[in-house]
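Summary of the model geometry
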Amino acid sequence: MKLGDFQGEVLRGTEWFGHDFAGQRVAVVAPGREAAQIVPEVAATARSVKVFQEEPDWVVPMPVPGPNVLGIAVARVFLRWQVKDPWIRRLLTPDRRFGSRKTASGLGYYGALRRPGCKLITWPVYAFAPHGIRTAEGIEHRADVVVLGASSLFATEGLPA
C-alpha cells in the first residue's frame, strides 16, 4: 500500500501484527491508546521506531475496575514509575479527564519508549514524503514502513488536502 508520495510499506489497523520489522526503520502514527499496543511489538524487532503520537491517552498496566478516581491514580503512578524524564512524562499525559475515552492496557509501552532506537514525536504529521514523514516543524523523518493505528487521522482518509 502507498500513502501519498511515500515509497515504503504502509500497514493499517492490525496489519502490523506478526509482521517482521527486522532491520527496518518504522514510523508509528497513532493515538496513545493504540500506540501502547503497537509500539512494544514493533520495537522488539525494528532497527528504529519513531512514534508520532497524535494525542496522549491514559495507559494503565492492566484493566482497572472501579471508579475513575482509582483509575486515574493508577495511571498517574504507573506513568511516574515508568517514565523518569519529567518532560517526556508531560508529553505522555493527556489533558482530558480519565475515563472520557477508552484507556489502554500497555505494560510494555513506556519501556519500549525508553529503548535506544525508539523516539516519541509530538509534532503533527504534515505530509508523507517519498522516504518518510514530514512533521509540521519541517523535519523529514526517514522510514521504511509506516504503521497507521486504526483510529489514526490518516488510516482511512489519507492526508488532508
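For the structure, check the block above.
Residues numbered from 1 in each chain as written. Predicted model: local features only at pLDDT ≥ 70, side-chain atom pairs only at ≥ 80, totals over all residues. Heavy atoms only, no water.

Describing the overall build of the protein chain
- The number of helices and strands found in the protein chain is four helices and ten strands.
- Element order for the protein chain, N to C, with α for helix and β for strand: β-β-α-β-β-α-α-β-α-β-β-β-β-β.
- The buried share of the protein chain, reckoned over its 161 residues, is 45%.
- The long-range share in the protein chain, meaning contacts at least 24 apart out of those at least 6 apart in sequence, stands at 64%.
- Here the protein chain has roughly 8,500 Å² of accessible surface; of this, 57% comes from carbon and sulfur atoms. (Helix = DSSP H or I, 4+ residues; strand = E, 2+ residues; numbered from the N terminus. Buried < 20%, exposed > 50% of the residue type's maximum accessible area, 1.4 Å probe, protein only. Contact = heavy atoms within 4.5 Å. Areas by Shrake-Rupley, 256 points an atom, 1.4 Å probe, with all protein chains shown as cover.)

Overview of helix α2 (residues 68-82)
- Helix length check: α2 (15 residues) gives 21 Å between terminal C-alpha atoms against 21 Å at 1.5 Å per residue, within 8%.
- All of the buried residues in α2 are Gly71, Ala75, Phe78, Leu79 and Gln82. For α2, the buried positions fall inside an angular range of 100 degrees around the axis, keeping them on one side. Seen from the buried face of α2, the exposed residues on the opposite side, beyond 90 degrees, are Val69, Val77, Arg80 and Trp81.
- For α2, the secondary structure elements touched by its buried residues are β4 (59-60), α3 (86-91) and α4 (109-113). (Expected span 1.5 Å × (residues − 1). Arc of directions from axis to C-beta.)

A short note on the pairing of strand β8 (residues 132-135)
- Pairing geometry for strand β7 (residues 125-129) and β8, over four bridges, is antiparallel. Paired with alanine 129 across the strands is glycine 132, a residue of β8.
- Counting the residues that bridge the hairpin from β7 to β8 gives two residues.
- In the sheet, β8 pairs with strand β9 (residues 140-142) via three bridges, with the strands oriented antiparallel. Of the residues in β9, the one forming a bridge with glycine 132 is arginine 142. (Pairing = 2+ DSSP bridges.)

Section: the pairing of strand β10 (residues 145-148)
- Burial along β10 is two-sided: Val145 and Val147 facing one way and Val146 and Leu148 facing the other are all buried.
- Inspection of the sheet shows strand β1 (residues 9-12) paired to β10 by four bridges, in the parallel sense. Considered in β10, the bridge of valine 10 is made with valine 146.
- For strand β2 (residues 25-30) and β10, the ladder comprises four bridges, and the chain directions are parallel. For valine 29, the partnering residue across the bridge sits in β10 and is leucine 148.

Remarks on the side chain of histidine 141
- Assignment of secondary structure puts histidine 141 in strand β9.
- Taking the relative accessible area as the measure of exposure, histidine 141 reaches 7% and is therefore buried.
- At a separation of 3.2 Å, a polar atom in the side chain of histidine 141 contacts the side chain of lysine 50.
- With residues up to four places along the chain from it excluded, the contact list for histidine 141 reads Lys50, Phe52, Ile121, His131, Gly132, Ile133 and Thr135. (Polar contact = N/O pair within 3.5 Å; in protein donor to acceptor, adjacent residues only side chain to side chain.)

A word on the nonpolar core
- Judged by nonpolar contacts, the single largest core of 30 residues is most densely connected at Phe21, Val51, Tyr109, Tyr110 and Val147.
- Sort the elements by how many residues they give to this core and helix α1 (residues 32-43) lands first, with six residues.
- The contacts of tyrosine 110, once residues within four sequence positions are left out, are Val59, Phe78, Leu79, Gln82, Val83 and Leu92.
- Grouped together as the second largest cluster of nonpolar side chains are twelve residues, Val10, Phe52, Ile121 and Val146 included. (Core = buried A, V, L, I, M, F, W, Y, C linked by side-chain atoms within 4.5 Å.)

The analysis is restricted to geometry; functional conclusions fall outside its scope.
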